[in-house]
Amino acid sequence: MKKFFINTYGCQMNVHESEKLAGILFRRGYERAQSNEDADIILLNTCCIRETAETRILGNLGMIKKIKEKRPDVIVGICGCMPQKPGNAEMLKKRCPFIDIIFGTFNMYKLDEYLDAAENHEKISEIWDKEDKTDDAPIRRDGDIKAFVNIMYGCDNFCSYCIVPYVRGRERSRNFDDIVSEVCSLVRDGYKEITLLGQNVNSYKGGAPEFSHLLRALTTFDGEYRIKFMTSHPKDFTIDVAEAMASSDKIADFIHLPVQSGSDRVLKAMNRRYTSEDYLNKIEMIRSYIPSVGISTDIMVGFPGETEDDYKDTEKLVEKVRFDNIYTFIYSRRSGTVADKMPNQIDLSVKKGRIKRLIDLQFEISDELAEKCVGKTYRVLCDSWNNGIASGKSSCDKTISFQSERNCYGEFLNVKVVKTKKNKLIGELE
Ligand code: 5AD
Ligand code: SF4
């Protein structure tokens, strides 16, 4: 039986798309290999959001070239966002002529057809497809308690630094009833945490007046489970969504709300369409509805023209909000975007200095926030258990480790935080 290995780069959206690719491969009767070395089909599901991702993928292609030299019958395919970035498919064909199949995010559902052709020694390069039928693909999920569900694709926001709208196209919302029935069957199958995915979930328009209606519809099934969603754009996050979250235990008390910068000048140049004050007001509104909410964010340093004062404004915002977690990025030039043509690109050494300071600042905040959890009890979904040591996440996305003689994987349990260890939370079963 033929074996496949999928190398996934990038975000949860890509992780879920790899589950769809795996679904198609299992339907063909193939099975999973342990590594690229023992696979007959090697796929790279790629990301091009930052240059570092692309560099890593090109590095891995060097390693895969050696496998192909040793075993010429291996089929190598590259898909996802990277080949969709203008110029990349041609670059890949030139630099890596050993690749058999090049395809994009719109035509993943055609993998079957592409493999038939590649097994016939044909080369395929097909980047765009108007049909966009990814929802029809069978899904082989990686986990048995946590699942991803797409609710929309693409993005219309055109933040000036971002390549996503160019590679993933305009916003398309998935049909309301299809999402409800997918979540319903996941809950019936025993999944406990379902994350709704979209580049901008708060502008969902698939047959419901607003995203909050979809959220409420997903809280009506029997049993204990949690709905999460990401990513939210601050300009589109409404009171209705906060109300829906507050009204049901089945929606996690957690929001990922990327702010990107604390400087109004930079936010304007980024085309984010909110000010730091708007953002702070939104956080206040959310916390007024859900006092225990966990909030994480994305922050970018070194956007073109970012001065020391702009950077300091970001630090000030981080100090004011006191995020539970921040994902920090060094601005990366993406050809074709508006920001790539902006003057005053920042030196890498300055960017590195700023990201380090930001990480250090957040580390201090996380330490203080962790201390505040001691003595509190959280409802935790256990997602790992090994020899008496368990770990899981609270509704507000805190990771807590605890001891349990019994294998409690997949169960919701009350865990009291008793101490911290390097800002990790250690708890006891109640
Ligand atoms: N450079 C650095 N980070 C970027 N992101 C998006 N585009 C870029 C870029 N060109 C970050 C943003 C976004 C996250 C998913 O990736 O912070 O929220
Ligand atoms: Fe990129 Fe902005 Fe769309 Fe997010 S909202 S995917 S950062 S363009």
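Residues numbered from 1 in each chain as written. Chains lettered and ligands numbered in written order. Predicted model: local features only at pLDDT ≥ 70, side-chain atom pairs only at ≥ 80, totals over all residues. Heavy atoms only, no water.

## Considering a negative patch on the surface
Piece 1. A cluster of acidic residues, Glu319, Glu364, Asp367 and Glu371, forms a negative patch on the protein surface.
Piece 2. Among the elements that take part in the negative patch, helix 12 (residues 348–373) stands out by supplying 3 residues, more than any other.
Piece 3. As for its placement among the helices and strands, glutamate 319 is situated in helix 11 (residues 308–321).
Piece 4. Overall, the relative accessible area of 43% leaves glutamate 319 in the partly exposed class. (Patch = residues over 30% accessible without salt bridge, like charges linked within 9 Å, V, L, I, M, F, W, Y side chains within 5 Å. Areas by Shrake-Rupley, 256 points an atom, 1.4 Å probe, with all protein chains shown as cover. Salt bridge = Lys/Arg side-chain N within 4 Å of Asp/Glu carboxyl O. Lys, Arg positive; Asp, Glu negative; His and termini not counted. Charge placed at Lys NZ, Arg CZ, Asp CG, Glu CD. Helix = DSSP H or I, 4+ residues; strand = E, 2+ residues; numbered from the N terminus. Buried < 20%, exposed > 50% of the residue type's maximum accessible area, 1.4 Å probe, protein only.)

## So, the site of ligand 2
Piece 1. Taken together, Cys155, Asn157, Phe158, Cys159, Tyr161, Cys162, Val164, Pro165, Gln199, His233 and Arg272 are the residues near ligand 2.
Piece 2. Grouping the constituent residues of the shell around ligand 2 by class yields 7 nonpolar, 3 polar and 1 charged. (Near = heavy atom within 4 Å. Nonpolar A, V, L, I, M, F, W, Y, C, P; charged D, E, K, R; others polar.)

## With respect to the pattern of salt bridges
Piece 1. In this structure the tally under the stated criterion is 33 salt bridges.
Piece 2. For arginine 27, the salt bridge is made with aspartate 112, and the minimal N-O distance between the two is 3.1 Å. Placement of arginine 27 in helix 1 (residues 12–27) and of aspartate 112 in helix 4 (residues 111–119) is noted, with a sequence separation of 85 residues between them.
Piece 3. Of the charged contacts in the structure, one is a salt bridge between lysine 393 and aspartate 397, with a shortest N-O distance of 3.5 Å.
Piece 4. Relative accessible area serves as the criterion here: at 22%, lysine 393 is assigned to the partly exposed category.
Piece 5. A single network of salt bridges, built from pairs that share partners, joins Lys2, Arg27, Arg28, Asp112, Asp116 and Glu119.

## What to know about the sheet that holds strand 17 (residues 399–403)
Piece 1. With mixed pairing, the 5 strands of this closed barrel are ordered in space as 15-16-17-19-18. Put simply, the sheet's adjacent strands are angled 50° from each other on average, direction ignored.
Piece 2. Relative to strand 18 (residues 412–421), strand 15 (residues 377–386) runs antiparallel, the two sharing 5 bridges. Paired with valine 380 across the two strands is leucine 413, which belongs to strand 18.
Piece 3. On top of the sheet, helix 12 reaches strand 15, strand 18 and strand 19 (424–429); it is set at about 125° to strand 18, its chief contact. (Pairing = 2+ DSSP bridges. Axes fitted to C-alpha atoms, helices over the stretch in contact; angles between N-to-C directions. Contact = heavy atoms within 4.5 Å.)

## So, the side chain of glutamine 84
Piece 1. Structurally, the position occupied by glutamine 84 is in the loop between strand 4 (75–80) and helix 3 (88–95).
Piece 2. Under the relative-accessibility criterion, glutamine 84 is labelled buried at 3%.
Piece 3. A distance of 3.4 Å separates a polar side-chain atom of glutamine 84 from the backbone oxygen of valine 167.
Piece 4. Setting aside residues up to four positions removed in sequence, glutamine 84 forms contacts with Gly104, Thr105, Phe106, Ile127, Trp128 and Val167. (Polar contact = N/O pair within 3.5 Å; in protein donor to acceptor, adjacent residues only side chain to side chain.)

## Observations regarding the site of ligand 1
Piece 1. Taken together, the neighbourhood of ligand 1 is formed by Ile49, Arg50, Tyr161, Gln260, Asp298, Met300, Phe329, Ile330, Tyr331, Ser332 and Arg334.
Piece 2. Contact between ligand 1 and glutamine 260: an oxygen atom at 2.7 Å from a side-chain N or O atom of the residue.
Piece 3. At 2.6 Å, a side-chain N or O of aspartate 298 approaches an oxygen atom of ligand 1.
Piece 4. Bound to the protein, ligand 1 loses 87% of the 400 Å² it would expose on its own.

## A closer look at the domain arrangement of the protein
Piece 1. Here the protein is partitioned into domain 1 (3–126), domain 2 (134–371) and domain 3 (374–429).
Piece 2. On the domain 3 side, the residues contacting the 22 residues of domain 2 number 18 residues.
Piece 3. Surface buried jointly by domain 2 and domain 3 totals about 1,700 Å² across both partners, of which 48% is contributed by carbon and sulfur atoms.
Piece 4. For the pair domain 2 and domain 3, the number of links is 4 salt bridges.
Piece 5. One salt bridge in this structure joins lysine 398 and aspartate 324, with 3.2 Å as the shortest N-O distance.
Piece 6. Linking domain 2 to domain 3 there are 10 residue pairs in polar contact (both at pLDDT 80 or more).
Piece 7. The set of elements that each furnish at least two residues to the side of domain 2 that touches domain 3 consists of strand 11 (226–230) and helix 12.
Piece 8. Among the elements that take part in the side of domain 2 that touches domain 3, helix 12 stands out by supplying 5 residues, more than any other.
Piece 9. Looking at the side of domain 2 that touches domain 3 residue by residue, the classes come out as 8 nonpolar, 3 polar and 11 charged. (Domains from an automatic or database assignment. Buried area = accessible area lost by both parts, 1.4 Å probe.)

## Overview of the sheet that holds strand 1 (residues 3–8)
Piece 1. Taken in spatial order, the 6 strands line up as 2-1-3-4-5-6 in an open sheet, and their pairing is parallel. The open sheet is flanked by strand 2 (31–32) and strand 6 (124–126), the only strands paired with a single partner.
Piece 2. Pairing between strand 1 and strand 3 (residues 41–46): 5 bridges, direction parallel. Following the sheet pairing, isoleucine 6 is matched in strand 3 by leucine 43.
Piece 3. Against the sheet, helix 1 makes contact with strand 1, strand 2, strand 3, strand 4 and strand 5 (101–103), and its axis sits at roughly 170° relative to strand 1, the strand it touches most.

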